[in-house]
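Overview (structure and organization)
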Amino acid sequence: MKPKKTAKIIDGKKISAAILADLRRDIAMLRDKGVTPGLAVVLAGADPASEVYVKAKRRTCAEIGVESFSHDLPENCTEKRLLKLIDKLNGDSRVHGILVQLPLPRHISEKRVLEAILPEKDVDGFHPVNVGRLLNGEECFASCTPAGCQALLQRSGYDPAGKHVVIVGRSNIVGKPLAALLIQKAAGANATVTICHSRTRNIGKFTREADILVAAMGVPEFIKPRMVRKGAIVIDVGVNRIPDQTRKSGTRLVGDVAFAGVAKKARAITPVPGGVGPMTIAMLMSNTVKAACRASGNASKRT
Ligand code: GUN
């Protein structure tokens with residue numbers, strides 16, 4: 001019997017490393033002009049997943065020559081204190097980008113905090129001004145995970161133009177902005193996009209139509225092989241920690257896609273970890289360099 005073909009693995013680590021290598025050159029150019037890109041990374045509380053993400057973001061800053069300004073606030077810090085910090089960072093010329101890790105402690109309004117960040121320092125692309133500009137197809141900071149998904153597709157040779165992209169998940173961080181990015185009349189876009197969510201009836205009917213399927217709903221291994229069209233490109237945005245007694249830690253990371261089975265049907269698939277995750281950080285760095293270029297009046301090669 002012929003062995004079953006399995007999907008090509010889209011290597012987010014490798015692609016993000018190439019993006020970071022390009023950024024290093026831009027950063028060297030800025031440094032020659034006396035500018036060091038600066039990113040303030042704000043963490044409120046001690047959510048274990050957020051701590052891991054923030055550490056990775058700060059580490060990447062150090063690796064590529066972005067100065068990171070760390071602000072760790074306690075879980076019980078007041079909204080007023082956080083808003084005061086943002087105000088200070090908005091006025092600090094060494095800080096070109098401000099990132100407030102989400103989720104915030106429950107007593108703090110995410111909306112008030114995100115809206116307090118100056119749009120030109122909003123390298124996460126969460127401020128309504130940037131969200132609106134993204135939808136209008138205008139120059140903006142696009143949020144990092146959607147931009148990372150788009151870059152993964154482009155750089156691995158799967159141009160979404162004319163393709164049917166089905167996104168499962170309608171969050172403000174991934175689903176909605178990714179749809180806005182991919183429907184634009186622009187390079188790396190021009191897709192036909194469908195968004196499915198928890199109230200969609202018969203999700204499989206839609207996902208089986210996808211040339212490119214993006215899973216971003218935060219449900220471990222929700223996308224089963226029967227929900228995927230043979231030959232589809234599958235992008236898994238999910239990061240879920242599930243119990244696994246065979247591991248020393250007692251847990252393991254899985255995406256929103258049942259990887260082993262779906263890999264037998266798909267043409268290409270992103271792994272978890274090592275797929276979209278590293279791309280989110282690469283896009284954050286790219287946005288920070290872009291912000292530093294703009295603030296210092298240097299031409300940015302980043303779009
Ligand atoms: N929490 C989960 N994803 C993100 C992200 O991309 N940015 C921020 N700030 N918080 C997050």
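A short tour of the structure in this document, coming up.

Definitions and cut-offs
- Residues numbered from 1 in each chain as written.
- Predicted model: local features only at pLDDT ≥ 70, side-chain atom pairs only at ≥ 80, totals over all residues.
- Heavy atoms only, no water.
- Core = buried A, V, L, I, M, F, W, Y, C linked by side-chain atoms within 4.5 Å.
- Buried < 20%, exposed > 50% of the residue type's maximum accessible area, 1.4 Å probe, protein only.
- Helix = DSSP H or I, 4+ residues; strand = E, 2+ residues; numbered from the N terminus.
- Contact = heavy atoms within 4.5 Å.
- Pairing = 2+ DSSP bridges.

**Examining the nonpolar core**
Of all hydrophobic cores here, the largest spans 56 residues; its most connected members are Leu-39, Ile-235 and Met-285. The greatest single-element share of this core, amounting to 11 residues, is contributed by helix H10 (residues 276-295). Among all residues touching Met-285, those that are not within four sequence positions of it are Leu-20, Leu-23, Leu-39, Lys-57, Thr-60, Cys-61, Ile-64 and Val-66. Among the nonpolar cores identified, the runner-up in size contains 20 residues, and Phe-69, Leu-73, Val-95 and Ile-117 belong to it.

**Some points on the sheet that holds strand E7 (residues 212-215)**
Read from one edge of the open sheet, 6 strands run E1-E11-E8-E7-E5-E6, paired in parallel fashion. With one partner strand each, in any of the chains shown, strand E1 (8-9) and strand E6 (192-196) form the two edges of the open sheet. Looking at chain direction, strand E8 (residues 233-236) and strand E11 (residues 268-269) are connected through 2 bridges and run parallel. Bridge pairing links Val-234 to Ile-269 in E11.

**Considerations on the side chain of Gln-150**
Structurally, Gln-150 is set in helix H6 (residues 144-155). Those residues in contact with Gln-150 that lie beyond four places of it in its chain are Leu-181, Leu-182, Ala-187, Gly-188 and Ala-189.

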